Amino acid sequence: MINSKAVTSITEKPLVIKIGGAILEKPEALASLLEVIKTLTNKKIVLVHGGGCVVDEMLSQAGLQSEKLNGLRVTPKAHMPLISGALAGTVNKTIVANANKIGLSAIGLSLADGAIVQCQLNSHNLGCVGVPQANSSKLLDTLLNSQFLPVVSSIGALTNGELVNVNADDAAVVICQLLNAELLLLTDVNGVKGSDGEYLTSIDQSLADQLISQGVIAGGMTAKINAAIYAANQLRRSIAVASWKAPEQIKNLLAGDSIGTRVQPSIY
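None of these values were measured; they are calculated from a predicted model.

### Here's the deal with the overall build of the chain
Inference 1: When you go through the chain residue by residue, the secondary structure sums to nine helices and 14 strands.
Inference 2: Taking 18 Å as the expected radius of gyration for a compact globule of 268 residues, we find that the chain reaches 18 Å, a close match to that expectation.
Inference 3: Along the three orthogonal principal directions, the C-alpha set of the chain runs to about 60 × 45 × 35 Å.
Inference 4: Per-residue burial over the chain gives 49% buried out of 268 residues.
Inference 5: Sequence-distant contacts, at least 24 apart, represent 71% of the contacts inside the chain between residues at least 6 apart.
Inference 6: Summed over its atoms, the accessible surface of the chain is roughly 12400 Å², and 50% of this surface lies on carbon and sulfur atoms.
Inference 7: Of the side chains in the chain, 20 bear a positive and 20 a negative charge, and the two mean positions are spaced by 7 Å.

And the structure:
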């Protein structure tokens, strides 16, 4: 027998959807995602985005080379004006403009706005990369309660006001914690592949470590899986990793169906 109170509590939770900047290379995919969000009239949704492809293009145009370490972007201080302009500017406002075009009340934010998130400088020699910590939900609560769609870029700030680049998956995790929300990580693939090349329906820390050591999971997917496992552990529930190429799956997720790969928590 289904516990109606449990179902109600799940459906009433806000939904944080993380999308990568690669979706901007497919305007029809972004439009489809936003159209699905528009149909979810009674759901409080926050969009968190990255934008690595746009950052790479802008750095290349400026004659700057971008380096990555374990799938995470190394961010020299000299790169920050371009990176913050790409993420909090071009990518953020493109998503906001497209959302508002179809009648959504979208508003663009960074992690620093309203002191939503506080950042500490990373300790892994990644340069101006911030480690986010949840701080205040006041601004997001106000916007969500007024039926706005917050669109949050992964640019944060240190306590001294210095801007830092934040991994967008980590940013989504923190906002999810802040709002006690459900989390959906949308990427350009249908989930996480196993050693046989087939998509997994479920993955946990042990299997993830094994696939990472084998090189099956590598690059940006390593950071995504680590962020998802961290989120699952913090929230004590599984996290979905699915494709933005099939945004209609979001409705299935909210109906309680399994989509993409479910990342399972290690802590219960």
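### Considerations on the pairing of strand 11 (residues 182–187)
Inference 1: Of all six residues that make up strand 11, six are buried, and the element is covered over most of its length.
Inference 2: The two faces of strand 11 match: Glu182, Leu184 and Leu186 on one face and Leu183, Leu185 and Thr187 on the other face are all buried.
Inference 3: Relative to strand 11, strand 1 (residues 15–19) runs parallel, the two sharing four bridges. Residue pairing in the sheet places Ile17 in a bridge with Leu184 of strand 11.

### Details of the environment of Thr142
Inference 1: Considering the arrangement of structural elements, one finds Thr142 in helix 5 (residues 138–145).
Inference 2: Classification of Thr142 by relative accessible area gives partly exposed; the value is 45%.
Inference 3: A polar side-chain atom of Thr142 sits 2.9 Å from the main-chain carbonyl oxygen of Lys138.

### Let's talk about the packing of helix 7 (residues 205–213) against helix 8 (residues 220–235)
Inference 1: Viewed as axis vectors pointing N to C, helix 7 and helix 8 meet at an angle of 165 degrees, and their least axial separation amounts to 11 Å. Here helix 7 lies roughly antiparallel to helix 8, going by the angle between them. As helix 7 packs across helix 8, the resulting crossing turns out to be left-handed. Where helix 7 abuts helix 8, its residues Gln205, Ala208 and Ile212 lie against Thr222, Ile225, Asn226 and Ile229.
Inference 2: Residues of the contact of helix 7 with helix 8, tallied by class, amount to four nonpolar, three polar and no charged.

### Details of the side chain of Asn165
Inference 1: Relative to the elements of secondary structure, Asn165 occurs in strand 10 (residues 163–165).
Inference 2: When neighbours within four sequence positions are excluded, Asn165 is seen to be in contact with Arg73, Thr75, Met80, Ile83, Leu87, Cys128, Val129, Gly130, Ser154 and Ile155.

### Considering the sheet that holds strand 12 (residues 202–203)
Inference 1: Read from one edge to the other, the open sheet built from eight strands follows the order 5-8-2-1-11-13-14-12, with strand pairing classed as mixed. Either end of the sheet is taken by a strand with one partner, and the two such strands are strand 5 (106–110) and strand 12.
Inference 2: Two elements, strand 5 and strand 8 (residues 149–153), share five bridges in a ladder whose sense is parallel. If you follow Ile107 over to strand 8, its bridge partner there is Pro150.
Inference 3: Along the sheet, helix 8 contacts strand 1, strand 11, strand 13 (239–243) and strand 14 (261–263); its crossing angle with strand 13, the most-contacted strand, is approximately 145 degrees.

### Examining unusual backbone geometry
Inference 1: The backbone of Gln147 shows a phi angle near 65 degrees, a positive value even though the residue is not glycine.
Inference 2: Looking at the secondary structure, you find Gln147 in the loop between helix 5 and strand 8.
Inference 3: Even without being a glycine, Asn180 presents a positive backbone phi close to 50 degrees.
Inference 4: By the secondary structure assignment, Asn180 is in the loop between helix 6 (168–179) and strand 11.

Rules used throughout
- Residues numbered from 1 in each chain as written.
- Predicted model: local features only at pLDDT ≥ 70, side-chain atom pairs only at ≥ 80, totals over all residues.
- Heavy atoms only, no water.
- Helix = DSSP H or I, 4+ residues; strand = E, 2+ residues; numbered from the N terminus.
- Rg over C-alpha atoms; globule rule 2.2 N^0.38 Å.
- Buried < 20%, exposed > 50% of the residue type's maximum accessible area, 1.4 Å probe, protein only.
- Contact = heavy atoms within 4.5 Å.
- Areas by Shrake-Rupley, 256 points an atom, 1.4 Å probe, with all protein chains shown as cover.
- Lys, Arg positive; Asp, Glu negative; His and termini not counted.
- Charge placed at Lys NZ, Arg CZ, Asp CG, Glu CD.
- Pairing = 2+ DSSP bridges.
- Polar contact = N/O pair within 3.5 Å; in protein donor to acceptor, adjacent residues only side chain to side chain.
- Axes fitted to C-alpha atoms, helices over the stretch in contact; angles between N-to-C directions.
- Parallel < 35°, antiparallel > 145°, perpendicular 65-115°, else oblique.
- Left-handed = near helix turned anticlockwise from the far one by under 90°.
- Nonpolar A, V, L, I, M, F, W, Y, C, P; charged D, E, K, R; others polar.

Functional significance is not addressed by these values, which are geometric in nature.
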